[in-house]
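Structural description and commentary
What follows is each chain in one-letter form.
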Amino acid sequence: MTAAGKERRARSTPMLMMAVLAVACSLGAVPASRVVCGMCEEPDRFVRLQVSTRDRHVESTQPFSHPFRWSAEQWKPILRSIHVQKRGQGVLFFPAPNGPPLPAFTPAEVDYLSETLTRAFAQAQPSEVVVFGLTSSKTQEITEITTGAWFVKDTQLHLILGNYREAVTMSSIRELLWQDPLHMIAGALYEFVPGPYQSLPREDNGLGTFLIPEAPQLALTYHQLSLDAPPVDGGHEKGAPPSTYPDSSLEGKLQRLKQIRDDGLITDDEFAAKKKALLDGF
Amino acid sequence: MSNRAIRGLIVCLLALIGLFTYEISYLLPKANAIPAFARKYGVPCNVCHVPGFPKLNDFGNTFRDQGYQFGADVDLPTHENITMGFWPVSFRTTVGYQVANVRAEGQALASSGFGFTGLDILSFGILHRSIAFGLVYTPGLKEAGFGTGSSLTDNNLESAFVRLMNLERFLGGADNTYWLNMRVGKYELDVPFSEKRSPTLNTPFVMYHYTSGTIYQGGALGGLPTSAGYANANAFGIGDNQPGLELSGIVKTATTDGYLRYSLNMVTANGGSFSNDGGGFGRSAAFYGHVTQSFGGYGIVTGQRIGAFVVAGTAPTMCPSSIGGGPSGTGCVVPGTATQGQPYTRVGADASLTFDGQWNLFGAFIHAVDSSNLISSQAGGLNAAGLPNFQNAAWNGGFVALDWYPTQLPFVNSPGWLFSYRYDLIRNQRQGDPTFAKTFNDVDSHTFMARYYIHQSNRTDLALHAEYNQYKDKGVGTNGGNLYGQTTLVGLDFAY
């Protein structure tokens with residue numbers, strides 16, 4: 001081979017390599033997302049809807065149980081019930097214990113998520129998941145970011161944590177997580193601590209492809225959890241409209257009664273009799 | 001099957017191996033050991049690095065400047081949150097495939113093969129609050145190298161230093177301001193842009209190591225018909241780790257929303273001696289200073305930065321008569337015992353511009369002068385023409401580089417990429433031996449690099465690395481022809 005030929009060959013090698021890499025790494029496309037309310041999109045936090053694409057979610061062939069209507073008051077106890085713990089980092093063959101269980105969300109985050117998840121889930125389509133991002137300042141230079149996704153499937157509410165309290169110093173990394181909340185920037189340092197009516201699904205959560213490692217996932221049997229929640233909220237049934245009255249009030253009781261009738265749990269006659277009894281006692 | 005087809009097949013197989021490794025990295029459980037700081041603080045590597053380590057981002061540079069500490073209790077190795085997982089030692093190497101060829105005067109040398117770049121064993125941290133340390137050991141490994149020989153000659157304690165931080169508090173200053181720190185030991189000078197932290201793996205910053213009269217990359221030329229050049233007693237390169245003492249500091253400047261940094265060093269260049277039995281003070285000494293000012297950030301990811309540096313040193317030319325005398329270098333039986341130091345200087349400037357947090361355009365310029373005595377002493381006082389004519393050697397060098405670390409690669413929306421292009425050049429202004437052409441040993445070097453973060457966790461890093469370099473060394477063939485070289489490296493760079 002001539003010297004010129006060798007030079008061409010040497011030049012073609014990196015080009016070929018980069019072309020192979022570019023094609024191979026082109027599978028991580030970010031799905032489209034949409035904003036659902038004004039307060040859902042703030043500079044340091046967001047909740048929005050994102051289309052669950054097939055390459056990012058193998059279960060997307062089965063639509064989610066969306067829209068899903070819950071009040072903010074119904075969300076709060078659920079959010080407070082979620083706990084995480086830091087994974088112990090051992091060295092070589094010596095494991096280290098996990099950290100103590102901690103509430104996954106701060107009170108301020110519970111307030112924000114309860115309001116925005118209510119709005120987002122009410123507008124979610126069966127092909128969409130609700131993604132979120134939260135930030136908190138650790139130091140002047142370091143921001144901790146939590147991102148993930150929620151979806152409802154059958155009788156279970158699912159939460160996937162893409163990143164939990166991950167330290168970030170570069171704006172481009174934050175921007176990446178804002179665009180793709182389920183992109184894990186590092187291995188999961190935290191794991192869920194399942195409580196009552198909560199479980200850790202063993203099956204692939206569908207978001208772990210060869211481009212995205214498996215993320216911690218929690219499944220919550222929301223019906224049971226909401227039944228056990230303090231009686232300050234309205235209807236517990238999936239698809240129930242948001243309630244503006246506490247259960248203990250006459251309005252709340254009537255609304256609850258109507259919901260039960262609409263769901264076919266009681267007949268019209270039973271509904272009328274019970275309604276009369278409530279009004280008589282007023 | 002032709003050689004070309006075989007070569008292409010090997011490259012494709014390597015790419016597939018890379019992708020396979022990439023997938024495997026997600027299937028395996030996370031290793032319980034990490035690069036030291038990520039493990040210590042429980043943060044991902046891109047807290048301190050731009051994607052595709054090892055280039056430091058703004059925060060990482062500040063963290064380094066402040067002696068590897070946040071100024072909080074969590075820094076201490078005895079802190080309760082420091083678990084067994086903290087083991088302040090990291091390893092780094094690159095495994096892969098390299099193709100290299102050089103040619104001059106119609107002859108060519110080619111080599112290719114699998115191998116690894118050597119091994120860095122690193123340990124950095126703090127011994128106590130405001131007392132930092134660093135160790136880098138690069139063992140010479142017989143099996144290292146990409147078919148071009150082992151790295152036995154690189155067996156080296158590359159860095160070993162202790163750094164006392166915040167000395168200003170003893171002078172009445174406030175604590176944790178970091179404007180007066182002192183480092184003693186062997187370390188990388190505060191060069192305009194760290195070569196150790198450069199994403200390019202096997203392409204040196206030419207101006208950091210260039211020596212007037214010495215053929216660039218001369219060690220890799222084998223039996224090619226190239227000129228021997230002329231000997232120069234000065235082997236100082238600002239890119240070479242040097243033993244010495246450094247006073248440095250970093251100050252946040254409110255008016256520029258940036259940082260003022262300085263580094264003043266007194267080093268025994270290239271393992272020489274400040275004072276010895278035959279010479280006296282300064283025989284192998286160099287003084288290096290670098291100052292930078294940034295605006296709107298640190299100047300690597302955000303903001304802009306300008307800087308200037310200067311070197312004034314002396315290099316030994318002769319060995320003492322007690323050990324045989326003669327020119328320094330190969331004639332010196334005991335390294336660092338040469339005498340009759342002769343002067344050399346380097347002055348330069350650097351700048352770094354950033355855009356959108358994803359682009360970094362940076363470069364540096366250097367003007368170098370070596371005393372004619374540094375050359376004449378090595379040639380027995382006669383030049384290549386047999387005449388006693390020598391002159392101060394002078395050359396200009398520089399580089400300009402563009403790094404791009406996109407949030408996500410356009411069109412394919414894939415994060416974790418780092419691309420880089422760098423152009424290095426050397427232009428001789430005056431040869432020490434005037435019988436050589438003025439343009440003799442002028443260098444042009446182009447480096448292209450792409451890196452992809454295959455895997456990143458709070459414990460380990462793995463990047464797929466592709467790097468291509470081509471260079472031209474002017475007029476160094478035996479008949480005055482140019483020397484051309486190309487190197488392609490494709491490998492997996494990992495830190496543990």
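Just so you know, these numbers come straight off a predicted model, no measurement behind them. (Residues numbered from 1 in each chain as written. Chains lettered and ligands numbered in written order. Predicted model: local features only at pLDDT ≥ 70, side-chain atom pairs only at ≥ 80, totals over all residues.)

So, on to the overall build of chain B. A tally of regular secondary structure across chain B gives five helices and 17 strands. Within chain B, buried positions represent 51% of all 496 residues. Here the contacts in chain B between residues at least 6 apart in sequence split such that 65% fall between residues at least 24 apart. (Helix = DSSP H or I, 4+ residues; strand = E, 2+ residues; numbered from the N terminus. Buried ≥ 20, exposed ≤ 12 C-beta atoms within 10 Å, placed from the backbone. Contact = placed C-beta atoms within 7 Å.)

A few words now on the overall build of chain A. Along the backbone of chain A there are seven helices and eleven strands. A sequence separation of at least 24 residues applies to 57% of the contacts in chain A between residues at least 6 apart.

Here we take up the confidence of the model for chain A. All names here are of chain A. Confidence in the prediction for chain A averages 75 pLDDT; 67% of positions are at 70 or higher. By mean pLDDT, helix α1 (residues 3-24) is the weakest element of chain A at 50, and strand β5 (residues 102-103) is the strongest at 94. Within the model, pLDDT remains below 50 along residues 22-28, and this stretch shows twelve contacts once partners closer than five positions in the same chain are excluded. Note that pLDDT drops below 50 for residues 230-246; the model gives that stretch 42 contacts with residues more than four away or on any other chain. (pLDDT = per-residue confidence, 0-100.)

This part covers the nonpolar core. With 99 residues, the main nonpolar core has Val 47, Leu 117, Ala 120, Val 130, Ala 149 and Trp 150 of chain A as its most contacted residues. Here this core gets seven residues from one element, more than from any other, and that element is strand β8 (residues 156-168) of chain A. The residues touching Ala 120 of chain A, leaving out its near neighbours within four places in the chain, are Val 36, Cys 40, Val 47, Arg 48, Leu 49 and Val 130 of chain A. With 44 residues, the next largest nonpolar core counts Tyr 210, Ile 215, Tyr 230 and Ile 238 of chain B among its residues. (Core = buried A, V, L, I, M, F, W, Y, C linked by C-beta atoms within 7 Å.)

Bringing the sheet that holds strand β4 (residues 83-86) of chain A into the picture now. Strand pairing in a sheet relies on backbone hydrogen bonds, with the paired strands running either antiparallel or parallel. All names here are of chain A. Strand order in the open sheet formed by three strands is β5-β4-β9, and the pairing between neighbours is antiparallel. The outermost strands of the open sheet, each flanked by one partner alone, are β5 and β9 (190-193). Here four bridges tie β4 to β9, and the two strands are oriented antiparallel to one another. When the bridges of β9 are listed, Lys 86 appears paired with Tyr 190. (Pairing = 2+ DSSP bridges.)

Next up on the list: helix α4 (residues 171-179) of chain A. Within α4 of chain A, burial applies to Ser 172, Ile 173, Arg 174, Leu 176 and Leu 177 of chain A. Of the surrounding elements, those touching the buried residues of α4 of chain A are β6 (128-137), β7 (143-153) and β8 of chain A.

Tracing the backbone shows Phe 355 of chain B in strand β11 (residues 342-355). Sequence separation between Phe 355 of chain B and Gly 303 of chain B is 52 residues, and the spatial gap between their C-alpha atoms is 7.9 Å.

Turning next to unusual backbone geometry. The omega torsion of the bond from His 66 of chain A to Pro 67 of chain A falls at 0°, within 30 degrees of zero and hence cis. In this structure, Pro 67 of chain A sits in the loop between β3 (45-51) and α2 (72-80). Notably, Asp 154 of chain A is not glycine yet its phi reads approximately 55°, a positive angle. In this fold, Asp 154 of chain A is placed in the loop between β7 and β8. For Tyr 178 of chain B, which is not glycine, the phi dihedral falls at a positive 60°.

This paragraph deals with the pairing of strand β8 (residues 258-268) of chain B. Residue and element names in this part refer to chain B. Both strand β7 (residues 242-253) and β8 contribute to a ladder of ten bridges, which runs antiparallel. If you follow Ser 248 over to β8, its bridge partner there is Ser 263. Where β7 hands over to β8, the hairpin turn is made up of four residues, of which Asp 257 adopts a positive phi near 55°.

Residue and element names in this part refer to chain B. Sheet topology places strand β4 (residues 131-138) next to strand β5 (residues 156-164); eight bridges connect them, and they run antiparallel. By the bridge assignment for β5, Val 136 is matched with Ser 159. Relative to strand β6 (residues 181-187), β5 is paired through five bridges, and the arrangement is antiparallel. Each bridged residue has a counterpart across the sheet, and for Leu 164 the counterpart in β6 is Met 182.

Along the chain, Pro 415 of chain B turns up in the loop between β13 (393-404) and β14 (417-430). For Pro 415 of chain B, a count of 25 C-beta atoms within 10 Å translates into the label buried. In sequence terms Pro 415 of chain B and Ala 110 of chain B are 305 residues apart; their C-alpha atoms lie 36 Å from each other. Not counting residues within four places of it along the chain, the set of residues in contact with Pro 415 of chain B comprises Leu 176 and His 183 of chain A together with Thr 407 and Gln 408 of chain B.

All names here are of chain B. Summing up the model confidence of chain B, the mean pLDDT is 82 and the portion of residues at 70 or higher is 80%. Below pLDDT 50 for its whole length, residues 17-34 participates in 31 contacts with residues either more than four positions away or in separate chains. Considering only residues more than four positions removed or in separate chains, one finds that residues 276-282, a stretch of pLDDT under 50, has 18 contacts. Overall fold confidence (pTM) sits at 0.78, and the ipTM for the predicted complex is 0.75.

Here the focus is helix α3 (residues 58-65) of chain B. Residues and elements named next belong to chain B. Within α3, seven of the eight residues are buried, leaving the element largely enclosed by the surrounding structure. Listing the buried residues of α3 in full gives Asp 58, Phe 59, Gly 60, Asn 61, Thr 62, Phe 63 and Asp 65. Residues of α3 that are buried sit in contact with β7 and β8. Just downstream of α3 lies Gly 67, where phi reads positive at about 80°.

Residue and element names in this part refer to chain A. Close contact between α2 and helix α3 (residues 107-123) brings their axes to 8 Å; oriented N to C, the two are set at 130°. The angle between α2 and α3 falls in the class oblique. The chirality of how α2 crosses α3 is right-handed. Across the interface between the two elements, Ala 72, Trp 75, Lys 76, Leu 79 and Arg 80 from α2 touch Val 110, Leu 113, Ser 114, Glu 115, Leu 117 and Thr 118 from α3. Residues belonging to the contact of α2 with α3 are distributed by class as follows: six nonpolar, two polar and three charged. (Axes fitted to C-alpha atoms, helices over the stretch in contact; angles between N-to-C directions. Parallel < 35°, antiparallel > 145°, perpendicular 65-115°, else oblique. Left-handed = near helix turned anticlockwise from the far one by under 90°. Nonpolar A, V, L, I, M, F, W, Y, C, P; charged D, E, K, R; others polar.)

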